[in-house]
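Structure assessment
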Amino acid sequence: MTTVVGAAQLQAIVSDEDVVRVRQLVRTAAVTAKLSLVDQTKVVTAASELARNTLVYGGGGQAEVSTVDNGARRGVRVVFSDDGPGIADVELALTDGYTSGGGLGLGLSGARRLVEEFELNTEVGTGTTIAITKWAR
Ligand SMILES: Nc1ncnc2c1ncn2[C@@H]1O[C@H](COP(=O)(O)OP(=O)(O)O)[C@@H](O)[C@H]1O
Ligand SMILES: [Mg+2]
């Protein structure tokens, strides 16, 4: 069973500054979970990419950041959600280099590689939710 340690932090994502705030919340949660400096940076990088996608493609949304505990380890969990257009072809969107917007197309695929758990739920016309977890070693 995974439980949340302390209170989850909710952050709206409607501006560039909000993306920076998400990064800071994730860094703090990663320190609390005692992730190594390298793993802190990995989860902050993944969260940064997903927060930017929430802003740019999702039309804004939110991130919920928490420190979690599964009994053996602590970790950081971040859930991004938006009420945007959704992703019609998830496999394509997760392909290295695919972008619909003139980016590098490495955000989603890169984020998935940087964490242990990556769960994507999306529905065209409804929105997208992506949950990531990175565990302390
Ligand atoms: N929250 C989202 N809502 C809708 N589409 C998204 C969302 N996140 C990602 N996408 C789609 O997935 C594609 C790949 O995302 P990503 O790998 O981050 O590349 P980039 O941001 O460089 O375009 C985006 O170009 C976009 O089409
Ligand atoms: Mg991106």
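Everything numeric in this text was worked out from a predicted model, so none of it was measured. (Residues numbered from 1 in each chain as written. Chains lettered and ligands numbered in written order. Predicted model: local features only at pLDDT ≥ 70, side-chain atom pairs only at ≥ 80, totals over all residues. Heavy atoms only, no water.)

Ligand 1 sits among 17 residues. The nearest are Asn53, Tyr57, Thr99, Ser100 and Gly105. In this structure, an oxygen atom belonging to ligand 1 sits 2.8 Å away from a side-chain N or O atom of Asn53. Between ligand 1 and Ser100, the relevant distance is 2.5 Å, taken from an oxygen atom to a side-chain nitrogen or oxygen of the residue. Contact with the protein chains hides 92% of the accessible area of ligand 1, taken as 540 Å² for the molecule alone. Of the residues in the shell around ligand 1, the class split is 7 nonpolar, 9 polar and 1 charged. (Near = heavy atom within 4 Å. Polar contact = N/O pair within 3.5 Å; in protein donor to acceptor, adjacent residues only side chain to side chain. Areas by Shrake-Rupley, 256 points an atom, 1.4 Å probe, with all protein chains shown as cover. Nonpolar A, V, L, I, M, F, W, Y, C, P; charged D, E, K, R; others polar.)

What follows is about the pattern of salt bridges. For the structure on display, the rule yields 7 salt bridges. With a shortest N-O distance of 3.5 Å, Asp16 and Arg52 are connected by a salt bridge. Within this pair, whereas Asp16 is found in helix 1 (residues 16–32), its partner Arg52 is found in helix 2 (residues 37–56), the two being separated by 36 residues in sequence. Classification of Asp16 by relative accessible area gives partly exposed; the value is 43%. In this structure, Arg137 and Asp39 form a salt bridge, with 2.7 Å as the shortest nitrogen-oxygen distance. Residue Arg137 is found in the segment after strand 5 (127–135), and its partner Asp39 is found in helix 2; the two are separated by 98 residues along the sequence. Accessibility expressed as a relative area gives 2% for Asp39, which makes it buried. (Salt bridge = Lys/Arg side-chain N within 4 Å of Asp/Glu carboxyl O. Helix = DSSP H or I, 4+ residues; strand = E, 2+ residues; numbered from the N terminus. Buried < 20%, exposed > 50% of the residue type's maximum accessible area, 1.4 Å probe, protein only.)

Moving on, we get to the pairing of strand 2 (residues 61–69). The sheet contact formed by strand 1 (residues 3–13) and strand 2 spans 8 bridges and is antiparallel. Bridge pairing in strand 2 places Leu10 opposite Glu64. Both strand 2 and strand 3 (residues 74–82) contribute to a ladder of 9 bridges, which runs antiparallel. Note that in strand 3 the partner of Asp69 across the bridge is Arg74. Linking strand 2 to strand 3, which pair antiparallel, is a turn of 4 residues; within it Gly71 sits at a positive phi near 100°. (Pairing = 2+ DSSP bridges.)

A distance of 2.7 Å separates a polar atom in the side chain of Asp39 from a polar atom in the side chain of Arg137. Those residues in contact with Asp39 that sit more than four places away from it in its chain are Lys134, Trp135 and Arg137. (Contact = heavy atoms within 4.5 Å.)

Let's shift gears to the nonpolar core. Burial of nonpolar side chains together is a common tendency in soluble globular proteins. Membership of the largest hydrophobic core comes to 30 residues, with the highest contact counts inside it found for Ile13, Val26, Val76, Val78, Phe80, Phe118 and Ile132. Going through the elements one at a time, helix 1, helix 2, strand 2, strand 3, helix 4 (107–114), strand 4 (117–123) and strand 5 are the ones with two or more residues in this core. If you tally residues by element for this core, the top one is helix 2, at 7 residues. Apart from residues lying up to four places away in sequence, Phe118 is in contact with Leu94, Leu108, Ala111, Arg112, Ile130, Ala131 and Ile132. (Core = buried A, V, L, I, M, F, W, Y, C linked by side-chain atoms within 4.5 Å.)

Closest axis-to-axis distance for the helix 1/helix 2 pair is 9 Å, and the angle between their directions is 150°. One way to sum up the angle between helix 1 and helix 2 is to call them roughly antiparallel. For the crossing formed where helix 1 meets helix 2, the hand is right-handed. Along its contact with helix 1, which presents Asp16, Val19, Val22, Arg23, Val26, Arg27, Ala30 and Val31, the element helix 2 presents Leu37, Gln40, Thr41, Val43, Val44, Ala47, Ser48, Ala51, Arg52 and Leu55. (Axes fitted to C-alpha atoms, helices over the stretch in contact; angles between N-to-C directions. Parallel < 35°, antiparallel > 145°, perpendicular 65-115°, else oblique. Left-handed = near helix turned anticlockwise from the far one by under 90°.)

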